[in-house]
Amino acid sequence: MVDSADDGGSKGNARRQFLKAGLGAAGGALAVAGGARAAEPDPLITEVQDWTRYLGKGVDATPYGLPSQYESDVVRRSVPWLTADAKSSVNFTPLYALDGTITPSGLCFERHHGGVAVIDPADHRLMIHGMVERPLVFTLDDLKRFPRENHVYFLECAANSGMEWRGAQLNGCQFTHGMIHNLEYCGVPLRYLLEEAGVKPQAKWLLAEGGDASLMTRSIPMEKIMDDCLVAFKMNGEALRPEQGYPIRLVVPGWEGNMWIKWLRRLELGDRSWEQREETSKYTDLLADGVARRHTFVMDVKSVITNPSPQAPLTHGKGRTVLTGLAWSGHGRIAKVDVSIDGGRNWSEARLEGGSSKGAYRFYHDFDWDGAELFLQSRAIDEDGNVQPTKDRLRAERGENSIYHNNGIQTWHVRADGVTENVEVS
Amino acid sequence: MSRFPKSLIAVSLMGGMGLTAPSALAQDAANGETIFKRCAGCHTVGPNAQSRVGPHLNGIVERPAAAIEDFRYSRGMKKAADDGLVWTRDDLAEYLAAPRKKIKGTRMAFAGLRKESEIADIIAYLDRFGPDGAEKTSTAEEIAAANEPNPGMAGKEPAANDVKGDSKPATESSSAVAPAPKVEEADGAGESVDAAAETDDDRQVALAAAPPSGGPMNLGRPALPAEIAAWDIDVRPDGKGLPIGSGTVAEGEAIFDEKCASCHGAFGEGAGRWPMLAGGQGTLKDERPVKTIGSYWPYLSTVYDYVHRAMPFGSSRSLGEDETYALVAYILYLNDLVDDDFELSNENFTGIEMPNADGFKPDDRQSEPQNTSDAAAEVCMTDCKESPAEITMRARVLDVTPDTADDDGDENLGAGAID
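Residues numbered from 1 in each chain as written. Chains lettered and ligands numbered in written order. Predicted model: local features only at pLDDT ≥ 70, side-chain atom pairs only at ≥ 80, totals over all residues. Heavy atoms only, no water.

Focus: the pattern of salt bridges
Which entries qualify depends on this criterion: The term salt bridge refers to a side-chain nitrogen of Lys or Arg lying within 4 Å of a carboxyl oxygen of Asp or Glu. Note on conventions: DSSP H or I runs of at least 4 residues are helices, E runs of at least 2 residues are strands, and numbering of each starts at the N terminus. Think of it in three bands: with a 1.4 Å probe and only protein chains considered, a residue is buried below 20% of the maximum accessible area for its type, exposed above 50%, and partly exposed in between.
One pass over the full model with this rule turns up 45 salt bridges over all chains. Across the pair R218(A) and E256(A) runs a salt bridge whose closest N-O atoms are separated by 2.8 Å. Linking R218(A) in strand β9 (residues 217–221) with E256(A) in the loop between β12 (249–251) and β13 (264–270), this pair joins segments that are 38 residues apart in sequence. For the residue pair R218(A) and E256(A), the accessibility class agrees, reading buried in each case. In this structure, K361(B) engages D364(B) in a salt bridge whose closest nitrogen and oxygen atoms are separated by 3.2 Å. The exposure class of K361(B) is partly exposed, given its relative accessible area of 26%. Among the residues examined, D364(B) registers a relative accessible area of 27% and is labelled partly exposed. A cluster of three or more residues bridged by salt bridges with shared partners is formed by E209(A), R265(A), R266(A), E268(A), D232(B), D234(B), K240(B), D305(B) and R309(B).

Okay, here's the thing in structure tokens:
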């Protein structure tokens, strides 16, 4: 892209043009790629550029560092028609622009039910009561005196891919799969706090409540609580972002994101589930026979190819290319990821990188593109042997009205000109 | 234990003083602020105000009608603007008393305020904010009132000092930092007491006086009964947590029309993407099921809990317990589940069974083929389909992706809304 230096200001339109592009624009992209073999010397090399001549900004120009100005297109985006009001809404992580496994803190998707609570940590309290020997109140300073642990976990909204149940609808993995992030959390195992309060033997469930304007609540069974839940105060090494629950949030590894209560302020122990709004009218999965599954907590094994994808088309023309994506399972580790470039007729095993139990894995498939159209799919299998199903199989099992827990295999259609689209195939 | 009860009493008194001993003028705007919570589901005012369901109200006094450029006003409101309406205090008073009478065809679903004093108070409150949302400079009277020894609007300041004076001696030497407890909903009316005026010194009070938790690591401190009562508002299907109280369908209708109908529709049918509350029974097997409280929600306790916890949107916990009973009764009525003379109370609450109570089953996803033990072993790697892949569906047909659809922001686009 010879003119990229002049192009910074119109960068925001670039993606739009790609998405809208027909043959013409993509053909142009191919021509530029061919420019690598140009006979004329590249002036970017032969001429002295400004940034090699003049001094740049000094230290402290940006006390809290920000991404390059050329990355301004890499942002969370929402789908305005999804919800009635931005204060009870969702936006999506730009997966197409990320690599590795850790999601940058400022790009983690947001889901709020009453807007972002702004809480001075000195004013925050966490209460434990109900079926305990000693009802207790903790300050943030108290919590930081418990032994802490660090773990990488994915958080996926149960409604991730929920708009795709009836068929391909949104053009971009940001929108079809972007209600997920994967972070390193630092926090206190929840069981330490409960042991401090002394759990009575009759206690079987815990109600977790957030301190936002929705006072979000979810019931969580005791086995999970005592297993691996954390009360986290750091993400990726720094304080939680306000939109992720500052100063503290609940971490419920492998389970649906709605249960990871943000702005956590109250934990009540009891002998049965509370059947709150978010575990009855929402986050229940209506099946074709009119009966709904409830308490569907675990996020099933799933994967998605993030490049190429509709927002990241194949612009370089045929030849060597990198296919990559993310895989995860709420049951534990990913055993393998298979990739197909012909719509699921033939598969080959992808190369896995990173990853941890209930954390996201990065996969790669490096190949020579012959320039013909591609139907890209990925299929993850976890250590328990759960296999990511096709969307058709899920629909056959459940109908089209479940909204939640759509872990079906995604297909991207890459045309010969590189433009990539969300499709379903026979 | 000793410091906590004292602090609590002091803080409670502070709240009481703020409500009972203000000067007349200061009381107006302060009371108006409380009344404004009924409007806050749709309207905002102040430095961060934005138009939502209704336009923002910065500088509304003496503002021309239909003046917010990016807000979609009703045809009636636009006509009033064309006719030259500027919102004087008198015009606002007429509009707030009977919105649809003053502006025929207004979209504002609010039924109107009956008490003239409330109307005057809310206008006094709104008049505090200039066009940019900043508070106007106080009037001479207000400044005088604020300087009164037993003040009104500024009442929180000296009251907080009372708290400080009460509890400071025990804590001077402490270096630990922990704020004294706030009392939420101390009087059960949902009005939280603002203890933000406390100083750091006050914060040190609490922890120094707090007894240890008595747990294995001796961290945290005992939760007081009043603190637990303030936060423990959850209600379970077995009735645990239900407060004593009652409300009728008729009472619920009046509250619903005033506080709920602007989003949920006069009959619970839902406006735009706002949730539908009534109807839909018998549709759960349909191609497009209609999931409402009547058709889908398994427990009535969930309705009480959620309304009391999080509604009205933008004014959470402003509803009293009897008001909540009345609203739940009215929602039952909208769903044809009770008659119009019904009264719901903690006595008869758990006797009401919701139509879809048996419509749920436990998570059995592990019995699906892709999750059975031999699924992974049977995975196909080559020649898995007889013929080449053909496209059966494409997102481009719907074209509802943001930035690509030509009509950005059209709320009628797409299917499968999340709520």
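Quick word on the packing of helix α4 (residues 89–97) of chain B against helix α6 (residues 116–126) of chain B
Residues and elements named next belong to chain B. The cut-off we apply is this: Between N-to-C directions, angles span 0 to 180 degrees; the directions come from axes that are lines fitted to C-alpha atoms, helices contributing only their stretch in contact. Here is the rule for angles: anything less than 35 degrees is roughly parallel, anything more than 145 is roughly antiparallel, 65 through 115 is roughly perpendicular, and the remaining ranges are oblique. Whether a crossing is left-handed or right-handed is set by the direction in which the near helix is turned from the far one by less than a right angle, anticlockwise for left-handed and clockwise for right-handed. In what follows, a contact means two residues having at least one pair of non-hydrogen atoms within 4.5 Å. When residue character is reported, Ala, Val, Leu, Ile, Met, Phe, Trp, Tyr, Cys and Pro are called nonpolar, Asp, Glu, Lys and Arg charged, and the others, Gly included, polar.
Where α4 contacts α6, the two axes come as close as 10 Å, and the packing angle between them is 125 degrees. Classified by the angle between their axes, α4 and α6 sit oblique to one another. For the crossing formed where α4 meets α6, the hand is right-handed. When α4 is examined against α6, the residues R89, L92, A93, L96 and A97 are found in contact with a partner set consisting of I119, I122 and I123. A per-class count over the contact of α4 with α6 returns seven nonpolar, no polar and one charged.

A short note on the interface of chain B and chain A
Stated formally: Buried area adds together the accessible area that both of two parts lose upon being put together, with accessible area traced by a 1.4 Å probe. Here the rule is simple: two strands pair whenever DSSP picks up at least two bridges between them.
Across the boundary between the two partners, chain B contributes 104 residues, which contact 119 residues of chain A. Both sides of the chain B and chain A interface together cover about 9600 Å² of buried area, and 52% of this is carbon and sulfur. Seen at the junction of chain B and chain A, the total is 10 salt bridges. Elements with a contribution of two residues or more to the side of chain B that touches chain A: β1 (221–222), α10 (225–231), α13 (300–310), β4 (360–361), β5 (391–394) and α15 (395–398) of chain B. With five residues, the single largest contributor to the side of chain B that touches chain A is α13(B). Its residues assigned to classes, the side of chain B that touches chain A shows 46 nonpolar, 20 polar and 38 charged. Where strand β15 (residues 292–293) of chain A and β4(B) come together, two bridges link them in parallel fashion. Residue pairing in the sheet places R293(A) in a bridge with K361(B) of β4(B).

Some thoughts on the confidence of the model for chain A
Where we set the bar: Summary of the metric used: pLDDT quantifies the predictor's per-residue confidence within the range 0 to 100.
Per-residue confidence for chain A gives a mean pLDDT of 92, with 91% of residues at or over 70. Predicted confidence for residues 1–35 of chain A stays below pLDDT 50, and this span has 37 contacts to residues more than four positions away or in other chains.

Thoughts on the sheet that holds strand β1 (residues 77–78) of chain A
Residues and elements named next belong to chain A. Strand order across the open sheet formed by three strands is β1-β2-β3, with antiparallel pairing between neighbours. The open sheet has two edge strands, β1 and β3 (111–112), and neither has a second partner. As judged from the two bridges shared by strand β2 (residues 89–92) and β3, these two strands associate in the antiparallel manner. Bridge assignment links S89 to a residue of β3, and that residue is H112.

Looking at the side chain of E421(A)
Looking at the element boundaries, E421(A) is found in strand β24 (residues 420–425). Under the relative-accessibility criterion, E421(A) is labelled buried at 2%. Not counting residues within four places of it along the chain, the set of residues in contact with E421(A) comprises N171(A), P310(A), T411(A), W412(A), H413(A), R394(B), A395(B) and R396(B).

Observations regarding the state of the cysteines
Residues and elements named next belong to chain B. Our working rule: Only a pair of cysteine sulfur atoms within 2.5 Å counts as a disulfide in this structure description.
Considering all chains together, one arrives at one disulfide over all chains under this definition. What pairs with C380 in a disulfide is C384, and their sulfur atoms sit 2.1 Å apart. Residues C380 and C384 share a disulfide whose torsion about the S-S bond is about -100 degrees; that sign makes it left-handed.

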